Amino acid sequence: MGFPDTRMRRLRSNEAMRRLVSETKVPASSLVYPIFVVDGSRVREPVASMPGVFRISVDELASEIRGAASDGVGSVLIFGVPSSKDSRASGATDRGGLVPRAVAAAKEVSPEMLVMTDVCLCAYTDHGHCGVADGEGRVLNDPSLDLLQRMALVHAEAGADVVAPSDMMDGRVGAIRRALDSSGKTDTVIMSYAAKYASCFYGPFREAADSAPAFGDRRSYQMDPANSREALREIELDVEEGADIVMVKPAMPCLDVIARARGAFRVPIAAYQVSGEYSMIKAAASSGWLDEERAMGESVTAIRRAGADIVITYFARQLARACR
Ligand code: PBG
């Protein structure tokens, strides 16, 4: 039955009708808000390339968590940005380190807030790579696993609900699961950055996290943006190793990957709307070239429509306020 019996515009004729037939919602409960924590006290430094994003010290975290909770955000993802770094990423596995202190502080102000932590060595190594490196600048897989296991365990012991390995070393999900389980942390969730591409859209984040590699790039461990079958293999392996939630990253450049993953797996799928995706919208909006609220809403709706259950986004607080 075609036109004139069928008229697609009938269901678009007014706001209530459009809302009634809307296929994709962005509930605040699906959003995760990233937070960068730094050493020191009373620090609240703006990140120049990410307007509206700050690096804060642990003492400032309580008000950040309360603010996020009152906006309606239910989950935060904590990134540590330590001031001292070394070749062994010692700060990453320190029980009294930045992230364990931040996790404890966050849980203290709001036990109901889900606290997730990024598990990766790049902010802790003096060379800025996500694993340990040898003298020739190669990033070594197996020697990195022990550090990642210890890092995840330290976060879980501090109270993290979810640990999120973003390093892209092979075998790290299984290694982390074993480490958590053998220490009684059987309920700690692993959200793996399973299909993580070597993307230029992480550029602004590296300023925020002070984690740009000192030599080379991340293409020997992060994925080639040309590949999507390989993404399914990455996700499959992480699920087999025990990942509870798998992530695709970046989000908008990978909507096809999110959609394929949604069709192929039954685990919850997360997508990370990364720093560059955020900064592009912010920059265009500040020049008056895009409507910020609408670009934010449309981009996250598209990520959900592609099949993401969970969206990690720097817009989480602003979006959650808009959903109220
Ligand atoms: C750490 C990590 C990165 C991001 C999340 N975890 C950067 C990278 O891999 O270089 C990027 C997040 C963003 O761009 O918002 N490995």
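Rules behind the numbers
- Residues numbered from 1 in each chain as written.
- Predicted model: local features only at pLDDT ≥ 70, side-chain atom pairs only at ≥ 80, totals over all residues.
- Heavy atoms only, no water.
- Helix = DSSP H or I, 4+ residues; strand = E, 2+ residues; numbered from the N terminus.
- Expected span 1.5 Å × (residues − 1).
- Buried < 20%, exposed > 50% of the residue type's maximum accessible area, 1.4 Å probe, protein only.
- Contact = heavy atoms within 4.5 Å.
- Polar contact = N/O pair within 3.5 Å; in protein donor to acceptor, adjacent residues only side chain to side chain.
- Phe/Tyr/Trp six-rings, centres within 6.5 Å; stacked < 30°, edge-to-face > 60°.
- Lys NZ or Arg CZ within 6 Å of the ring centre and 35° of its normal.

Draft legend 1. Seen up close, helix H4 (residues 142-158). The terminal C-alpha atoms of H4 lie 25 Å apart, and with 17 residues this matches the ideal 24 Å at 1.5 Å per residue to within 8%. Every buried residue of H4 is accounted for by Ser144, Leu145, Leu147, Leu148, Gln149, Met151, Ala152, Leu153, Val154, His155 and Ala156. The inward-facing, buried residues of H4 contact helix H3 (98-109), strand S5 (114-119), strand S6 (132-133), strand S7 (139-140), strand S8 (162-165) and helix H5 (172-182). Phi turns positive, to about 120 degrees, at Gly159, one or two residues after H4.

Draft legend 2. Highlighting the side chain of Ser30. Relative to the helices and strands, Ser30 resides in the loop between helix H1 (15-20) and strand S1 (31-38). In terms of polar contacts, Ser30 uses its side chain to reach the backbone carbonyl oxygen of Pro27, at 2.7 Å. Ignoring anything within four residues of it in the chain, the contact list for Ser30 reads Arg304, Asp309, Ile310 and Val311.

Draft legend 3. Fine view of the packing of aromatic side chains. Inspection of every chain in the model, using the stated rule, returns eight aromatic pairs. On the numbers, 4.7 Å between centres and 55 degrees between planes, the contact of Tyr278 with Phe315 is tilted. Residue Tyr278 is located in helix H9 (residues 275-286), and its partner Phe315 is located in the loop between strand S12 (310-313) and helix H11 (316-323); the two are separated by 37 residues in the primary sequence. With respect to class, Tyr278 is no different from Phe315; both count as buried. By way of ring pairs, the aromatic residues Phe36, Phe79, Tyr193, Phe205, Tyr272, Tyr278, Tyr314 and Phe315 are connected into one cluster. Note that Arg44 overlies the ring of Phe54, its terminal NZ or CZ placed 4.2 Å from the centroid. The lysine or arginine in question, Lys196, covers the ring of Tyr202, its NZ or CZ lying 5.6 Å from the ring centre.

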